[in-house]
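Summary of structural features
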Amino acid sequence: MSRASRLVALLHNLGGQFLYEALIRTLRGSLFIGGAAVVLSSTGAWKYLLSTFSAHDFVQASRLSQVVGTVPSVATVLIDDAGYRDYFGERSPLDRQRLLRLMRTIDAAAPQARAIVVDLDLAPLPGHAQRALLDFLIAHRARWVVAATTLAAQPSTPGRARWRRALCQGGVRMGWPYIPYDFGYASTVFQFAGSLSQAAIHPRLNCDNLASTLVAGRTGLAALRRVSAPMAPGYLRNGFVLPFDGDLGQLRALLQASAPQWIVLGGSWGKSDLQSTPLGRRYGAQLHAAAIAGHVRGEHMAPLGLQILVTWLFLACVDVVIGLLYLGVERHIMSWSLLYAGHRFLVQRVWPLALVGVVVVSVLLASDASAELRVHTGYWIPSAVLAGGALVHLVFIWNWGWNKMVRYDSVRAAWRQVLVAPIRDDWQAARHALHVLRCGIGGAAAEADLSAPRAALELVAVASSLLIQTMFPLLVFWSALH
């Protein structure tokens, strides 16, 4: 067989396996396999697996990311230990007059900035002049975003209540400074609705709209809804950070030279604001900046329909590989396993381990391919979905290598065997049972093998088969995609 003929045969085989995954798993067996997947997805183990693979995807994408261009669009200004010591005199909360001077410097040095986010608590303090800061924020409300540091409808102190009321009346943009967490890591996939990064991206998130992001009847962080907002992996690894050590002139020059479109001002003194991420510990302002950078780069997750389609294609490819390996094992080892203990050991112990190894390597290769796609396009297909599909197949379909691997040499063969033939058999059985019920025991000889009660049972079973294995899965699949 020539190389071209082998390639054509392989493509036919792949097409048959793809149709097999798309039809037999989705239609004929989805109630049982899908039910197992639903049970698995509701467990903490699956959520941990999802978080782990999301972190792995993020790390892989960050390694592959390259800084494109010379002008950064998102900059993080961090008040470091030197700035906190020399400029603010090591006093916390920060002196409002000095902080206002810093904010005026940033505003003047970056007139092109679309939004400047302040990840600091600006609420009034006893003995601090607050009016000038309030006037500055109201005058520049079109692009300055401040942190709303309380989730309560009314802040806990009268001073905070008056401050928030003044900001709301002045139309100042506000956002939640909180970061969602998943199993010990700051989420790289989701942000809270109304967070600082979301307020920077959507200019209409003012005080009134911020209140609408809360879930009624809940308190604390539980009142915040999550929205899909993947961070930029490259930015969180090597983002554009300007440390402020107290030199306003140097900061002004750096901002003028880089001309960022979005700026996040925060603190990096001490360790109180350090957050755990898949890339190590980062400050909160860096996380908000990475979320903004994700929006700028167009980072977004593939819709569910495409994720399912890619999972089918992935499982079809794994089916082809496993089928070829199984064919070799069946030909050269299984026929000898009944006579020789060594061959029996290979079949019973080594083959299941080899199958697991193939599945693990396939998932890792798919994860790397997903990371490459994300780096170049910003389009992310979570490898956790592929891993979940592979895990369900490994346990329930391939049965750790004990089940005989089903191979189809063409799309036509798969179509006829996995969809047309079972539906045709159900239909013929239904006609058979109906004929017996109409004609009775004394009917045609072909129908005389069934009694009326058994024919009724067969009719109910066939109708259930068509409903459960064909109609119901189609309706569920259609509703999931819409």
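Calculation notes
Residues numbered from 1 in each chain as written. Predicted model: local features only at pLDDT ≥ 70, side-chain atom pairs only at ≥ 80, totals over all residues. Heavy atoms only, no water. Helix = DSSP H or I, 4+ residues; strand = E, 2+ residues; numbered from the N terminus. Contact = heavy atoms within 4.5 Å. Salt bridge = Lys/Arg side-chain N within 4 Å of Asp/Glu carboxyl O. Buried < 20%, exposed > 50% of the residue type's maximum accessible area, 1.4 Å probe, protein only. Pairing = 2+ DSSP bridges. Axes fitted to C-alpha atoms, helices over the stretch in contact; angles between N-to-C directions. Expected span 1.5 Å × (residues − 1). Bend = angle between axes of the 7 residues up to and from the residue. Arc of directions from axis to C-beta.

Turning our attention to the overall build of the protein. If you tally the helices and strands in the protein, you get 17 helices and 14 strands. Look at the contacts in the protein between residues 6 or more apart in sequence, and 79% of them connect residues 24 or more apart.

Now for the pattern of salt bridges. Under the counting rule described, the total for this entry stands at six salt bridges. Here R226 ties to D182 by a salt bridge, and the two come within 2.9 Å at their closest N and O atoms. With R226 in strand β8 (residues 226-228) and D182 in strand β5 (residues 181-182), this residue pair connects regions lying 44 residues apart in the sequence. Residue D182 is classed as partly exposed on the basis of its relative accessible area of 23%. One continuous salt-bridge network, built from bridges that share partners, spans R297, E299 and R374.

Moving on to the sheet that holds strand β9 (residues 241-244). The strands making up a sheet are joined through hydrogen bonds of the backbone, oriented either antiparallel or parallel. In spatial order, the strands read β4-β3-β2-β10-β1-β9; together these six strands make up an open sheet with parallel pairing. Edge positions in the sheet fall to β4 (173-175) and β9, since each of these pairs with one other strand and no more. The mean inter-strand angle of the sheet, taken between neighbouring strand axes irrespective of direction, is 25°. Sheet topology places strand β1 (residues 74-79) next to strand β10 (residues 262-267); six bridges connect them, and they run parallel. When the sheet's bridge partners are listed, A75 is paired in β10 with I263. Contacting β1, β9 and β10, helix α11 (residues 248-258) crosses the sheet at an angle of about 165° to β9. Here helix α12 (residues 284-297) sits on the sheet in contact with β1, β2 (115-118), β9 and β10, set at roughly 175° to β1.

Turning our eyes to something else, we now look at helix α14 (residues 341-377). The terminal C-alpha atoms of α14 lie 53 Å apart, and with 37 residues this matches the ideal 54 Å at 1.5 Å per residue to within 8%. V350 marks the point of greatest bend in α14, at about 40°, and the proline P352 comes within the next four residues. Two residues or fewer past α14, G378 is found with a positive phi of approximately 80°.

When we look at burial in helix α6 (residues 131-139), the residues that qualify are L133, L134, F136 and L137. One side of α6 holds all its buried residues, which, seen down the axis, span an arc of 160°. Exposed and facing more than 90 degrees away from the buried side of α6 are R131 and A139.

By themselves, these are just geometric observations and shouldn't be taken as functional.
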